[in-house]
Every structure is written in C-alpha cells, then in structure tokens.
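Examination of the molecular architecture
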Amino acid sequence: MGKSIVILNGSPRKKGNTSTLVKAFREGAESAGHSVTEFILHDMNIHGCKGCFGGHNSRECPCVQQDDMNQIYPAVKVCDVVVMATPLYYWNMSGQLRTAIDRLFALEEGDGNLLRGHGRASALLMAAEGNGFDDVALYYDHLMEHLQWKNLGKVLCGGVMNVGDIADRPEISEACELGKSIK
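Before going into details, it helps to say that this report is about the structure given with it. (Residues numbered from 1 in each chain as written. Predicted model: local features only at pLDDT ≥ 70, side-chain atom pairs only at ≥ 80, totals over all residues. Heavy atoms only, no water.)

**Some remarks on the overall build of the protein**
Across its full length, the protein carries five helices and five strands. The helix and strand sequence of the protein, counted from the amino end, reads β-α-β-α-β-α-β-α-β-α. The C-alpha radius of gyration computed for the protein amounts to 16 Å, which stays within 12% of the reference 16 Å derived for 183 residues, consistent with globular compactness. Each principal axis of the C-alpha distribution contributes one length, and for the protein these read about 45 × 40 × 25 Å. Within the protein, buried positions represent 48% of all 183 residues. Considering only residue pairs separated by 6 or more positions, the protein has 77% of its internal contacts joining residues 24 or more positions apart. Looking at the protein as shown, the accessible area adds up to about 8700 Å², and 50% of this sits on carbon and sulfur atoms. Side chains of the protein give 18 positive and 22 negative charges; the mean places of these two sets differ by 4 Å. (Helix = DSSP H or I, 4+ residues; strand = E, 2+ residues; numbered from the N terminus. Rg over C-alpha atoms; globule rule 2.2 N^0.38 Å. Buried < 20%, exposed > 50% of the residue type's maximum accessible area, 1.4 Å probe, protein only. Contact = heavy atoms within 4.5 Å. Areas by Shrake-Rupley, 256 points an atom, 1.4 Å probe, with all protein chains shown as cover. Lys, Arg positive; Asp, Glu negative; His and termini not counted. Charge placed at Lys NZ, Arg CZ, Asp CG, Glu CD.)

In structure tokens form, the structure reads like this:
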C-alpha cells in the first residue's frame, strides 16, 4: 500500500530549480504508488508563530491563528512522509518554509503529541546559487532528531541560481529515485 506524502514547497518560484526537484521527487513517488499532496507555501496566507502556547491538537485546526495552515494541519496529521523543499537563503530554509515548520508546533500541544514520532519520515530537497548547505543540513538533522522522524535523505543541488540552471543536473534523477525509494 502506498504512503501518504506531504510536500511543503517553500520556493517562491513555481518553475524554479527547487520546484524542478519537487517535480522529479513527486514523479518518482507517484510511480511507486504513493499519494502526494503539495502545498506551495508562497501562495498561502500563513502568519508567523506567536509563541503563545495556545494551540491544542484535539481541535481540527489546532492553532489559535486561523489562516492557511488550516489546510496543512489535517494533511500532516495523517501523512507518512513530510518533504521539505526550499531554496537556500542565507544558509537556511526560505522564510516560507521556516514559518510553516514553526507553526506545525501546534500539533505538539494538547492531549498527546500529534507531530513527534508516529512512524513519520522526511526528506529535504534544496537548490542554491552556492553550496553552503552545512548549516541548514545540521538544522534539518536536529529537527529530525527532535521530531523522531526517520531521515530519508537530502538532495542538495548547488550552483543553480537562475531558473533552469538545474536542467541536466544529476540531482534531478536523485530526487526522482528518492521518491521511488520510499517504502
């Protein structure tokens, strides 16, 4: 039986290099029988976390803020895999992705943690002008450890600034194979 995969796409460019990695991953995952739901965060109205600790995961929409995270929470609650896709911005994930990750904290508040563990897994897809992935890769590894999610791997493609620079790069095949490899 196929897995349920949620992709949090933090790229503001719908046809950019990160989105090319997402497309390849998705094609691989769907060819292996998995269902994929992609959220293009740039097109969503998601506010930053208030740090209010007012969330409660027993509610359908666990956060006190009512915005487009209400579309993401139900999908993440039931998924098997969360894919984080982002360009590299100042040695970190894009603000769009960081904001969504911060807001997922509402699933940790309440009557039992609905975010940590639960047999979930994750992968990281990144494209960048440069190759300074060390800091964000370390953050991602720490996040996986905290969430107790299996780290399925990372596809990190540097040297791709302009739209289309990623064409013919081996990381496209790597992303596709990563999608196919999910069990």
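**Focus: the side chain of Glu 109**
Its location among the elements puts Glu 109 in the loop between α3 (95-103) and β4 (121-127). In this structure Glu 109 is buried but unpaired, with Arg 59 as the nearest side chain of opposite charge at 6.9 Å. Aside from chain neighbours lying at most four places away, what touches Glu 109 is Phe 53, Gly 54, Gly 55, His 56 and Asn 57. (Salt bridge = Lys/Arg side-chain N within 4 Å of Asp/Glu carboxyl O.)

**Quick notes on the sheet that holds strand β2 (residues 35-40)**
Read across the open sheet, the five strands follow the order β2-β1-β3-β4-β5; overall the sheet is parallel. A strand with exactly one partner marks an edge of an open sheet, and here the two such strands are β2 and β5 (150-157). Strand-to-strand twist of the sheet, defined as the mean angle between neighbouring strand axes without regard to direction, takes the value 15°. Both strand β1 (residues 4-9) and β2 contribute to a ladder of six bridges, which runs parallel. Looking across to β2, one finds that Val 6 is bridged to Thr 37. (Pairing = 2+ DSSP bridges. Axes fitted to C-alpha atoms, helices over the stretch in contact; angles between N-to-C directions.)

**Examining the layout of surface pockets**
Put simply, the largest pocket is a space of about 220 Å³. Along its surface, the largest pocket is lined by 14 residues, and Arg 13, Pro 87, Tyr 89, Ala 127 and Met 161 are the ones closest to its centre. Tallied by class, the residues present in the lining of the largest pocket amount to seven nonpolar, five polar and two charged. (1 Å grid on protein atoms, 1.4 Å probe; cavity = no way out; pocket = protein on both sides within 12 Å on 5 of 7 lines; lining within 4 Å. Points joined across faces, edges and corners; volume = space filled by probe spheres on them. Nonpolar A, V, L, I, M, F, W, Y, C, P; charged D, E, K, R; others polar.)

**So, the packing of helix α1 (residues 17-31) against helix α5 (residues 170-181)**
The geometry of a pair of packed helices is captured by two quantities: the angle between their axes and the separation between those axes. Running from amino to carboxyl end, α1 crosses α5 at an angle of 35°, the nearest separation of the two axes being 6 Å. Judged by the sense of rotation from one axis to the other, the crossing of α1 with α5 is right-handed. Together, Thr 20, Leu 21, Ala 24, Phe 25, Gly 28, Ala 29 and Ser 31 of α1 and Glu 171, Ile 172, Ala 175, Cys 176, Leu 178, Gly 179 and Lys 180 of α5 make up the contact between the two elements. The residue inventory of the contact of α1 with α5, partitioned by class, reads eight nonpolar, four polar and two charged. (Left-handed = near helix turned anticlockwise from the far one by under 90°.)

**Thoughts on helix α4 (residues 134-147)**
In an α-helix, one turn spans 3.6 residues; hence positions three or four apart end up facing the same way. The first and last C-alpha atoms of α4 sit 20 Å apart over 14 residues, in line with the 20 Å expected at 1.5 Å per residue. Where α4 is buried, its residues meet β3 (81-87), α3, β4 and β5. Of the residues trailing α4, Gln 148 is marked for its positive phi of about 60°. (Expected span 1.5 Å × (residues − 1).)

**Quick notes on a nonpolar patch on the surface**
A contiguous nonpolar patch, built from Tyr 89, Tyr 90 and Trp 91 and spanning about 430 Å² of accessible area, is present on the exposed surface. Along the chain, Trp 91 falls in the loop between β3 and α3. (Patch = residues over 30% accessible without salt bridge, like charges linked within 9 Å, V, L, I, M, F, W, Y side chains within 5 Å.)

**Here we look at the nonpolar core**
Among the nonpolar cores identified, the biggest contains 34 residues, and Leu 8, Leu 41, Ile 72, Met 84 and Leu 104 are the most heavily contacted of them. For this core, the secondary-structure elements that each account for two or more residues are β1, α2 (69-78), β3, α3, β4 and α4. Listed in part, the 23 residues of the second largest apolar core include Val 22, Ala 123, Leu 125 and Leu 178. (Core = buried A, V, L, I, M, F, W, Y, C linked by side-chain atoms within 4.5 Å.)

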